[in-house]
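Understanding the architecture of this molecule
What follows is each chain in one-letter form.
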Amino acid sequence: MHGFWVANFYHTYPMQVQPNGNTVYVSRSCFGPLEHIAYGMDTSGRYYCAHTYPLAFDETDLQCDIIYLQKQEILSILTEEMAICQAQKQETFHNHLQQIKQGIQDK
């Protein structure tokens, strides 16, 4: 898995198609405590944020909250992630996110 660390979060390469058909644009995983945040587009074309975290202190019982986002909100998330990539000198990630952002803007 290609990615980079910023504080406790591991950022993985953008534009991953998941087994359920959803496309993840931005993915951040934390391993202490276990937490995962993914931004992307589902199979019906809706932009979303999926936040997975443990219930209470039991990391074997995970909760996943999904919030649907407007186009401007997902563009803002991509801009934010691009700034992180630029600050971390992750040019490949930055350029890929820029292409994803342009594709969304063109819709």
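Per chain, residues are indexed from 1 in the order of the written sequence. Totals for whole chains, interfaces and linings use every residue, but because this is a predicted model, local features are given only for residues with pLDDT of at least 70 and side-chain atom pairs only at 80 or more, for both listing and counting. With hydrogens and water stripped out, all remaining heavy atoms of the structure feed into the side-chain values.

**Regarding unusual backbone geometry**
- Its identity is not glycine, yet Ala7 carries a phi of approximately 55 degrees, on the positive side.
- Mapped onto the secondary structure, Ala7 falls in the loop between β1 (3-6) and β2 (9-12).
- For Lys89, which is not glycine, the phi torsion reads 60 degrees and is therefore positive.
- Put simply, DSSP marks the helices as runs of H or I at least four residues long and the strands as runs of E at least two long, and each gets a number from the N terminus on. Examined against the element boundaries, Lys89 turns out to sit in the loop between α1 (71-87) and α2 (91-105).
- In this scheme, a residue with accessible area under 20% of its type's maximum is buried, one over 50% is exposed, and one in between is partly exposed, where area comes from a 1.4 Å probe on protein chains only. Take Lys89: its relative accessible area is 71%, and that puts it in the exposed class.

**Let's talk about the nonpolar core**
- The set of buried Ala, Val, Leu, Ile, Met, Phe, Trp, Tyr and Cys residues whose side-chain atoms join them within 4.5 Å is what this entry labels a nonpolar core. In this structure, Tyr25, Tyr39 and Ile104 are the most contacted members of the largest nonpolar core, which totals 19 residues.
- Only β4 (23-31), β5 (34-41), β6 (47-55), α1 and α2 provide two or more residues apiece to this core.
- When residues of this core are assigned to their parent elements, the largest contribution, six residues, is made by α1.

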